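Read off the chains here:
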Amino acid sequence: MIVISANNLTKEYDGSNLVLDKVSFAVNKGERIGIIGINGAGKTTLLRMLTGQLPHDGGDFFVSSDLRIGYLEQDGGFDSENTVIEEVNKVFEHFPVMEKEMERLLEEQALDAYEALRERYERMGGYMYQSEIRGILTSMAFDESTYNMKISTLSGGEKTRLALAILLLEKPDILFLDEPTNHLDIGTLKWLEQYLKGYRGTIMIVSHDRYFLNETVNRIFEIERGRLSIYEGNYEFYAAERRNRREVELRHYEKQQKEIERQEEMIRRFKQRGTEKLAKRAASREKRLEAMELMDRPDQGHGKLRLNFRQNFQSGKDVLQADDLSKSFGYGLNRVELFRNVSIDVKRGERICIVGDNGIGKTTLIRMLMGDLVSTTGHIRVGHNVQFGYYDQGQQLLNDSNTVIEELQDAYHLYSEGELRNILGRFLFRGEVVFQEIGDLSGGERARLSLLKLMMSGANTLVLDEPTNHLDIESKEVFEEALLEFPGTCLIVSHDRYFLNRIPTRIMELTENGLVNYLGKYDYYVEKKQQFIESGKKYVAGLSKAAAGGEDAFAPVEEAADAGLSAAEERRLKKEREAEERRLRRRKEALEQEIERLESEIDSIHEELQKPEVMTDHERLRTLSEKMTKDKESLDLCYEQWLELQE
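Let us look at the structure shown here. (Residues numbered from 1 in each chain as written. Predicted model: local features only at pLDDT ≥ 70, side-chain atom pairs only at ≥ 80, totals over all residues. Heavy atoms only, no water.)

**Observations concerning the overall build of the protein**
Looking only at helices and strands, one finds 20 helices and 18 strands in the protein. When the 647 residues of the protein are sorted by exposure, 45% land in the buried category. Taking the intrachain contacts of the protein between residues at least 6 apart in sequence as the baseline, contacts between residues at least 24 apart amount to 69%. Summed over all atoms, the accessible surface of the protein reaches about 33,900 Å², with 48% contributed by carbon and sulfur. (Helix = DSSP H or I, 4+ residues; strand = E, 2+ residues; numbered from the N terminus. Buried < 20%, exposed > 50% of the residue type's maximum accessible area, 1.4 Å probe, protein only. Contact = heavy atoms within 4.5 Å. Areas by Shrake-Rupley, 256 points an atom, 1.4 Å probe, with all protein chains shown as cover.)

What follows is the structure, given as structure tokens:
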């Protein structure tokens, strides 16, 4: 049964920018559609039109009126003075009403009416909704300690996760999801994938997360230059089929170009002969040539990012060695330790990806390895001829008040403006965009500019912090190919699972107690980690059996294929989750106290520096200035860790 359809749907902005050009499609009940395209292609525009938030300029569309629609907007946090649990309970506000009515009927001994209402209450899920709320909130990283937090105090990422949780609890018939994986860690992503696989409704998802699309959708809609192409499969099918289509289109294009050249040559020869008969033939061929519908070159289109990393010189074989690193901050009871016992040995040519929980200190670690931050304990040795190139995930290294071209001129003085504009063109910065201030750029544009600066640096050791955030799928693929061809060394923090399945020569997981090494890509890492978890479960189960009946504690324990966790295991896992939540909450509180202390201390030093007697005391000035610099560095680190915990 068709639940969504469009016929020649058209949308343009400002009367000239044609975003969607006569788009037509049909979606059947229960289908899972992934919508992809470059940034600005019109993906969000399409969803907003289908949900009635934007008017369309041509054509028409149909969304079944008897079905409930749920829409998660990109970064769709909402404003409310309710608490988290108050907002969630609004989804089930009919159940407390029914409960009160059942109590009244029971008191009045209206047993038949009570039983009828009770059966309806049970059928609607009244006995399960509280546990369902707790389950989905926990899966979206909301523990019970957050239930009474005001929504206005939540971070943008927390608001988005809450909006998604509420949407899943509402169980609409049609789910429109715009970038639902933003602000989700790998564990939550895996949970959401499994949830959507079992979802009975219809789903349309805009996403740049290729692994997520591969796991959740069965059709791909690609929007390119205003047109919509349909691929009947998941992302991997789309990627292979798209390559095949492009090859066929390129062959047709080249064949047409040869035919055009042949016809033009014949026309030229006919005209050279000068006879009336041949002149008529030439004119006839010219008309046919003019009427020919010319094909665009398939690999041109909107323009493609052109990226290649080159090193100015080669580093030594030993790039980085670190032993027994730890990082902590704060004092006394407010002291917080991020990690300890971290050791790493990086060789030339390796591509190492670092994964780990949010807030564990991945960004802190790579900045320590580059020398930007000081470790609490341990030693770091940087190899011979190592030149670092750093990509920061927030693009904080860009100067927002510069224009795009000024940003490059400040860093690379030897290039002329013409040369820089040519280079910017390779990164899709063309025309007047090069004079736009960086503060006005989109996330994708800032990411491309940061990658351009990194490419021009000629560094032989690339240190990249979440480099695929804000890149569209096509740019991600170009970036990955450039990394695979790069002869130098890469140290990368990422949670992009598709990226992690292509790029690393090994994956390292950062934990509180050090780095765990996995000599493979993401799927290998998941498999080995699961084996470790399962072996731990079997070991514990073996110990239990040995204690109960004297059996060999290390004998294999067979598990039923569909067996769930026992009550004891569930309690243990719940306690572990609660302990982790308490640890993160304590860390966050300690960070906030340390931030307050440092800001107060910096203000005090600033006041001290203004005093006349201090301004003439050079030794005192030097001591206070050094103390302020150190405090500001500590404050930056605290804010960095606090922001990580917000996600």
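**Quick look at the sheet that holds strand 16 (residues 489–493)**
In space, the six strands of this open sheet follow the order 14-15-16-12-17-18, with mixed pairing throughout. At either end of the open sheet lies a strand with only one pairing partner, and these are strand 14 (388–391) and strand 18 (514–518). Shown here is a sheet whose adjacent strand axes are inclined to one another by a mean of 20°, direction ignored. In this sheet, strand 16 lies alongside strand 12 (residues 351–355) in parallel orientation, the contact comprising four bridges. Bridging across to strand 16, Arg351 finds its partner in Cys490. (Pairing = 2+ DSSP bridges. Axes fitted to C-alpha atoms, helices over the stretch in contact; angles between N-to-C directions.)

**Things to note about the pattern of salt bridges**
In this structure the tally under the stated criterion is 41 salt bridges. The partner of Arg227 in a salt bridge is Asp21, with the nearest N and O atoms 3.2 Å apart. Note that Arg227 is positioned in strand 9 (residues 227–231) and Asp21 in strand 2 (residues 17–28), a separation of 206 residues in sequence. Linking Glu601 and Arg597 is a salt bridge whose minimum nitrogen-to-oxygen distance equals 3.0 Å. One end of the pair, Glu601, and the other, Arg597, are both in helix 18 (residues 567–609), four residues apart, so they sit about a helical turn from each other. Owing to a relative accessible area of 28%, Arg597 belongs among the partly exposed residues under this scheme. Because the salt bridges share partners, they merge into one network encompassing Arg210, Lys476, Glu480, Glu481, Asp496 and Arg502. (Salt bridge = Lys/Arg side-chain N within 4 Å of Asp/Glu carboxyl O.)

**A look at the pairing of strand 7 (residues 202–206)**
The element strand 7 is largely enclosed, with a buried count of five among its five residues. Burial of strand 7 is two-sided: the residues Thr202, Met204 and Val206 facing one way and the residues Ile203 and Ile205 facing the other way are all buried. Alignment of strand 3 (residues 32–36) against strand 7, held across four bridges, turns out to be parallel. From the neighbouring strand, Ile35 faces strand 7, where its bridge partner is Val206. Direction of pairing for strand 6 (residues 174–178) relative to strand 7: parallel, over a ladder of five bridges. Counted as the bridge partner of Leu177 is Ile205 from strand 7. Remark: the strand 6/helix 7 (residues 186–197)/strand 7 crossover connection has right-handed handedness. (Right-handed = clockwise from strand over helix to strand, strands pointing away.)

**A short note on unusual backbone geometry**
For Ala141, which is not glycine, the phi dihedral falls at a positive 70°. Position of Ala141 relative to the elements: it lies in the loop between helix 5 (129–139) and helix 6 (156–170).

**Description of the sheet that holds strand 10 (residues 318–329)**
An order of 11-10-13 is seen for the three strands of this open sheet, with the pairing classed as antiparallel. In this open sheet, the two edge strands, each paired with only one partner strand, are strand 11 (336–347) and strand 13 (377–382). Direction aside, neighbouring strands of the sheet carry axes that sit 15° apart on average. Direction of pairing for strand 10 relative to strand 11: antiparallel, over a ladder of eight bridges.

**Some thoughts on the packing of aromatic side chains**
The description of an aromatic ring pair rests on the distance of the ring centres and on the angle between the ring planes. Tallying each qualifying case throughout the model produces 18 aromatic pairs. Here the aromatic rings of Tyr235 and Tyr238 are separated by 5.5 Å at their centres, their planes lie at 50°, and the arrangement is tilted. Of the two residues, Tyr235 and Tyr238 are both situated in helix 9 (residues 235–273); the distance of three residues between them amounts to about one turn of the helix. The exposure class of Tyr235 is buried, given its relative accessible area of 0%. With a centroid separation of 6.3 Å and 85° between ring planes, the pair formed by Tyr412 and Tyr415 is classed as edge-to-face. Tyr415 gets classed as partly exposed once you look at its relative accessible area, which sits at 37%. In textbook terms, an aromatic cluster arises when at least three aromatic residues are bridged by ring pairs, as seen for Phe92, Phe95, Tyr121, Tyr127 and Tyr129. Geometry around Phe429 places Arg448 over its ring, the cationic atom sitting 4.9 Å from the centre. (Phe/Tyr/Trp six-rings, centres within 6.5 Å; stacked < 30°, edge-to-face > 60°. Lys NZ or Arg CZ within 6 Å of the ring centre and 35° of its normal.)

**Notes on helix 12 (residues 404–411)**
An α-helix turns once every 3.6 residues. As a result, residues three or four positions apart point the same way. Buried residues of helix 12: Val404, Ile405, Glu407 and Leu408, and no others. Take helix 12 and look down its axis: the buried residues cluster within an arc of 155°, on one side only. Along its buried surface, helix 12 packs onto helix 13 (417–426) and helix 14 (443–457). (Arc of directions from axis to C-beta.)

**Comments concerning the nonpolar core**
Ranked by size, the top nonpolar core spans 96 residues in total, and within it Phe309, Leu449 and Leu483 carry the most contacts. Here this core takes eight residues from helix 6, the largest share from any one element. Those residues in contact with Phe309 that lie beyond four places of it in its chain are Leu451, Leu454, Met455, Leu462, Phe479, Ala482, Leu483, Phe486 and Pro487. Core analysis: the next-biggest nonpolar cluster, separate from the first, contains 40 residues, Ile354, Ala590, Leu598 and Met628 among them. (Core = buried A, V, L, I, M, F, W, Y, C linked by side-chain atoms within 4.5 Å.)

**Here's the deal with the packing of helix 12 against helix 13**
Interaxial distance between helix 12 and helix 13 falls to 10 Å at its minimum, and their mutual angle equals 120°. In this structure, the crossing between helix 12 and helix 13 has a hand that is right-handed. Between helix 12, through Val404, Ile405, Leu408 and Gln409, and helix 13, the contact on the second element is made entirely by Glu417, Leu420, Arg421 and Leu424. (Left-handed = near helix turned anticlockwise from the far one by under 90°.)

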